[in-house]
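Breakdown of the fold
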Amino acid sequence: MMLKNSCIAFIMSILCYSCDSNLVFDEYQTVPNQWNKDSVVSFNVTPPDSTNTYNLFLNLRNNNSYKYSNLFLIVEMNYPNGKVQKDTLEYDMTAPDGTFLGKGFTDVKENKLWYKGYEKPFVFNEVGEYTVKIQQAMRENGKVDGVENLEGITEVGFRIEHSNTN
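Below you will find a few notes about this structure. Chains are numbered independently. Their residues run from 1 in the order of the written sequence. The model is predicted, so local features are restricted to residues of pLDDT at least 70 and side-chain atom pairs to those at 80 or more, both for listing and for counting; the totals for chains, interfaces and linings are taken over all residues. Side-chain measures were taken over the full set of non-hydrogen atoms in the model, leaving aside hydrogen atoms and water.

As for the pattern of salt bridges
Oppositely charged side chains are able to pair whenever their charged atoms sit close together. For clarity, the threshold we go by: When a carboxyl oxygen of Asp or Glu lies within 4 Å of a side-chain nitrogen of Lys or Arg, that pair is called a salt bridge. Secondary structure elements are taken from DSSP: a helix is a run of H or I of four residues or more, a strand is a run of E of two residues or more, and numbering for both begins at the N terminus. Buried means the residue's accessible area, taken with a 1.4 Å probe over protein chains only, is under 20% of the maximum for its type, while exposed means over 50%, and partly exposed covers the values in between.
Counted under the stated rule, the structure contains nine salt bridges. Across the salt bridge formed by Lys133 and Glu76, the nearest N and O atoms sit 4.0 Å from each other. One end of the pair, Lys133, is in strand 9 (residues 130–136); the other, Glu76, is in strand 5 (residues 70–78), and 57 residues separate them in sequence. By relative accessible area, which is 32% here, Lys133 ends up partly exposed.

Here we look at the pairing of strand 4 (residues 53–62)
Put simply, the test is: Strand pairing is assigned whenever DSSP detects at least two bridges linking the two strands.
Of all ten residues that make up strand 4, ten are buried, and the element is covered over most of its length. Judged by which residues are buried, strand 4 turns out to be covered on both faces: Thr53, Asn55, Phe57, Asn59 and Arg61 on one side and Tyr54, Leu56, Leu58, Leu60 and Asn62 on the other are all buried. In this sheet, strand 11 (residues 153–162) lies alongside strand 4 in antiparallel orientation, the contact comprising nine bridges. Residue pairing in the sheet places Leu58 in a bridge with Phe158 of strand 11.

In structure tokens form, the structure reads like this:
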């Protein structure tokens with residue numbers, strides 16, 4: 001069943017990719033079984049230019065094994081010239097009634113989450129390769145230590161789109 005759902009999600013991604021003219025970069029990495037708190041998902045990107053503006057997204061696929069209403073992530077962007085920008089971000093994963101947010105026809109839901117560009121379009125102002133690193137930072141209420149192995153996140157992705165202000 002899980003393989004069937006992954007195949008359906010993959011085919012849907014290809015269909016969406018082929019008809020999306022704003023798309024610059026879209027890549028996923030599979031999270032095997034559980035996302036360990038020390039496991040970093042990394043994407044290397046060489047933007048097409050350093051003058052246009054972009055919207056950056058974190059894409060997550062989750063299944064019914066995800067047991068939280070939100071998600072905390074630590075996202076680090078390493079610029080070509082050595083600058084590092086690190087953010088701790090929180091995203092809602094469910095509606096108030098507990099229904100998963102995101103899109104999908106099966107038990108796998110895909111969430112397109114804003115990273116940069118929602119307030120002001122992002123400019124890759126340095127020429128060269130950028131690295132984006134994503135790590136889960138979940139904690140349970142009342143506990144100091146983070147969730148060691150987060151269940152229910154099946155894939156983590158990074159997406160770049162042309163902003164509409166170009």
